[in-house]
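Below are the chains, spelled out letter by letter.
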Amino acid sequence: MIPRYTRPEMGRIWSEENRFRTWLAVEVAATETLAEAGIVPAESARVIRDRANFDVKRIHQIEAEVRHDVIAFTTSVAEIVGEHSRWFHYGLTSNDVVDTAQALLLAQASGIIAEDLQRLATVLEKRAWEFKNTPMIGRTHGIHAEPITFGFKLANWYSETQRNITRFAAAAEDVRVGKLSGAVGTFAHLSPEQEEKICARLGLKAAAISSQVIQRDRHAHYLATLAVIASTLDKIATEVRHLQRTEVREAEEFFSEKQKGSSAMPHKRNPVTSEQISGLARVVRSNAQAGFENVALWHERDISHSSVERIILPDSTTLMDYLLQKTTNLIETMFVYPARMKANLESTGGLVFSGQLLLDLVGHGLPREQAYRMVQSHAMRAWKQGLNFRQLVLKDKKITSRVPRKQIERAFELKRQLRNIDKIFARVFPAGPPARGTKSRT
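Predicted model only: the values in this text are computed from it and were never measured. (Residues numbered from 1 in each chain as written. Predicted model: local features only at pLDDT ≥ 70, side-chain atom pairs only at ≥ 80, totals over all residues. Heavy atoms only, no water.)

Attention shifts here to helix α6 (residues 94-130). Spanning 37 residues, α6 covers 54 Å between terminal C-alpha atoms, matching the ideal 54 Å at 1.5 Å per step. Among the 37 residues of α6, 26 are classified as buried, and the element is accordingly described as predominantly covered. (Helix = DSSP H or I, 4+ residues; strand = E, 2+ residues; numbered from the N terminus. Expected span 1.5 Å × (residues − 1). Buried < 20%, exposed > 50% of the residue type's maximum accessible area, 1.4 Å probe, protein only.)

So, in structure tokens, the structure goes:
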């Protein structure tokens, strides 16, 4: 984990203390289940439950000699438990503990991420309604296209976040499985029924089948889902970065009075949070690739995935928690400039209404190609000479002789272009607007 990007609660989950504590929870659950089956003496199970503990420093000391972290762990626990420790780790292989505990750790991390996603959705919903009717120019290829509203843009992000919530819930459930099926997955020492009972005790499902490990397609799916979410956050951050550009200036990251944008240029207000989000999203996506590589292991297992997962699972979940918090704060505190949006929308003298004019000409009997050439000729002239497109059209008798002036003027009406925003919002937010919250930063 990278301390700079680690929030406290997620950091606690991936701490060594919590990892070993989770291993211990698996071991105790197994011992108690086997005691109920009459395999482990009841007194030994009681002693193990009451006394079992470990010392992280001692584990490291033992591991330095035996070069096996699970053996170092069980030895450390045995030193504390005493004679009854011969029943500790009974019938288990190392990865029965490690993989099952990892499922518990991922469940803990997933709980935080699920809450983070919900908070982001809440903020996006609030601000979408806030700017539902704030007109701005829609852009394709970075070029002015047709009018939208800023709320429409935010609603699109909200809808994508809802899909991410659904995706993530499925991926998190997919890795919520344990295995205690032994060295090659054939239950040579325990039974499938005992595995199911141990997993149920821990709040997990038992994998239907495993080798020495839970199959890594589950983890690849989980990491890929995190990568999709990171890409959504990158998409949002990239848009904010564009909208903050000096020549655009339609929205902007929050910038405090004491904040500084450049050591050399006092005027700078850089989109540093958005750039950080975009940068760290690349790490999450690259970790997903490593997750794919972990699926193909030799035979019933090798450990080529192990060292990778010690990095990519803590780092990806930790970064996702950080990125979701950053993006939520970015949207919640973002400055929005409706006047600038309106000015940019109007800056091309009506060019962005060319599509409706084309349809009106076609509707009055002109072949589409001919109508397109007529409209485009005025549009290109307006582009090149900085003229008002609307005025050029109204002066063209070839157009005004076919389409009534009132209809031409209506083609340039903003409200007409945005008349279905309400219907779109009803689709995205069927429950209607949320309760009124904080004032906007405009």
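Moving on, we get to the pattern of salt bridges. Applying the stated criterion across every chain yields a total of 29 salt bridges. The salt bridge involving E43 is made with R46; its shortest N-O contact spans 2.5 Å. Taken together, the residues span about one helical turn, with E43 and R46 both in helix α3 (residues 42-51) at a distance of three residues. Close ionic contact of D50 with R46 constitutes a salt bridge, the shortest N to O distance being 3.2 Å. Separated by four residues within a single helix, D50 and R46 lie in helix α3, roughly one turn from each other. Judged by relative accessible area, which is 49%, D50 ranks as partly exposed. What makes R46 partly exposed here is its relative accessible area of 35%. Residues joined in a network through salt bridges with shared partners are E32, E36, E43, R46, R49, D50 and R201. (Salt bridge = Lys/Arg side-chain N within 4 Å of Asp/Glu carboxyl O.)

Turning our eyes to something else, we now look at the packing of helix α2 (residues 16-36) against helix α5 (residues 69-81). For the pair α2 and α5, the least separation of the axes is 12 Å and the interaxial angle reads 70°. By the angle class used here, α2 and α5 are roughly perpendicular. Residues R19, F20, W23, L24 and E27 of α2 form the contact with α5, whose participating residues are D69, V70, F73, T74 and V77. When grouped by side-chain class, the residues that make up the contact of α2 with α5 number six nonpolar, one polar and three charged. (Axes fitted to C-alpha atoms, helices over the stretch in contact; angles between N-to-C directions. Parallel < 35°, antiparallel > 145°, perpendicular 65-115°, else oblique. Contact = heavy atoms within 4.5 Å. Nonpolar A, V, L, I, M, F, W, Y, C, P; charged D, E, K, R; others polar.)

So, on to a nonpolar patch on the surface. Judged by side-chain polarity, I143, M380 and W383 come together as a nonpolar surface patch covering roughly 300 Å² of accessible area. For I143, the position within the fold is in strand β2 (residues 143-149). With a relative accessible area of 44%, I143 lands in the partly exposed category. (Patch = residues over 30% accessible without salt bridge, like charges linked within 9 Å, V, L, I, M, F, W, Y side chains within 5 Å. Areas by Shrake-Rupley, 256 points an atom, 1.4 Å probe, with all protein chains shown as cover.)

Attention now goes to the packing of aromatic side chains. Under the defined criterion, the tally for this structure stands at 17 aromatic pairs. Consider the rings of F20 and F54, whose centres lie 5.9 Å apart with planes at 65°: the pair is edge-to-face. With F20 in helix α2 and F54 in the loop between α3 and α4 (56-66), this pair connects stretches of sequence that are 34 residues apart. Ring geometry for F131 and F150: centres 5.6 Å apart, planes at 65°, overall edge-to-face. With F131 in the loop between α6 and β1 (135-140) and F150 in helix α7 (residues 150-174), this residue pair connects regions lying 19 residues apart in the sequence. (Phe/Tyr/Trp six-rings, centres within 6.5 Å; stacked < 30°, edge-to-face > 60°.)

Everything listed is a geometric property; what it means functionally is a separate question.
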